Amino acid sequence: MKALLKKTADLLCILLLSPVLVLDYLARRSGVQSDAVFVACAQFLSLFPGKTGNFLRKNYFRFAMSACASDCLIGFNVLFSHRGTEVGHGVYIGPQCNIGLCRIDRATLLGSGVHVLSGKGQHNFDDLDTPIQEQGGHFEKISIGEDCWIGNGSIIMANVGAKCIIGAGSVVTRDIPDYSIVAGNPAKVIRQRR
């Protein structure tokens, strides 16, 4: 019965989202400001509280992003900035997270206020005669492995292996191997889980 109620809620959300989904589809087909439309829709949907908001967000992202599982939970005020992001089965993204270009594998938990940046090279700053905002940069797709726990307020700028624990407030600047427990700024491996 519970599964049937969830499927019904998903279908109702898709119907409610149909104008937004059509707008998003048309933006992708035209290629004009496709990412801007995606970001605007993501920001708008981030503002809906409670279970209704959770259902609306996941059902929009199922159609708008590269991949988004139907059983994930995306909390209140979560912002996504890239359509190429992938969210796996059973993923929980806590309130007020900012998610850049990344892949979050199944059964991973992100606490509140986690920032997943699109790598460390988003901004170039070598030319002192050119403002930083005009120097460009590049986005890198960050990978967070399956069954990880990312503590509240962490900043992720590098890949995180499977089954890792990232302490609250940690700043991950280098790739983290599987089964690691890390903490600090910059995050360092404290011990291995196995």
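Note: the structure precedes this text.
The structure contained in this document is the topic of the report that follows.

Rules behind the numbers
Residues numbered from 1 in each chain as written. Predicted model: local features only at pLDDT ≥ 70, side-chain atom pairs only at ≥ 80, totals over all residues. Heavy atoms only, no water. Patch = residues over 30% accessible without salt bridge, like charges linked within 9 Å, V, L, I, M, F, W, Y side chains within 5 Å. Areas by Shrake-Rupley, 256 points an atom, 1.4 Å probe, with all protein chains shown as cover. Salt bridge = Lys/Arg side-chain N within 4 Å of Asp/Glu carboxyl O. Helix = DSSP H or I, 4+ residues; strand = E, 2+ residues; numbered from the N terminus. Buried < 20%, exposed > 50% of the residue type's maximum accessible area, 1.4 Å probe, protein only. Phe/Tyr/Trp six-rings, centres within 6.5 Å; stacked < 30°, edge-to-face > 60°.

**Here's the deal with a nonpolar patch on the surface**
For step 1, the next point in the chain: Where nonpolar side chains cluster on the molecular surface, the patch consists of Leu73, Tyr92, Leu109 and Trp149 and spans about 360 Å² of accessible area.
For step 2, the next point in the chain: Relative to the assigned elements, Leu73 resides in strand β2 (residues 73-74).
For step 3, the next point in the chain: The partly exposed category is assigned to Leu73, whose relative accessible area is 31%.

**Concerning the packing of aromatic side chains**
For step 1, the next point in the chain: Scanning all chains against the criterion turns up 5 aromatic pairs.
For step 2, the next point in the chain: Ring plane angle 25° and centroid distance 6.2 Å describe the contact between Phe38 and Tyr60, whose orientation is recorded as stacked. Remark: Tyr60 occurs in helix α3 (residues 50-64) and Phe38 occurs in helix α2 (residues 34-45); sequence separation between them is 22 residues.
For step 3, the next point in the chain: Tyr60 sits in the buried class, given a relative accessible area of 0%.
For step 4, the next point in the chain: Ring centres 4.6 Å apart and planes at 55° place the aromatic pair Phe61 and Phe80 in the tilted group.

The values are spatial; any link to function lies outside them.
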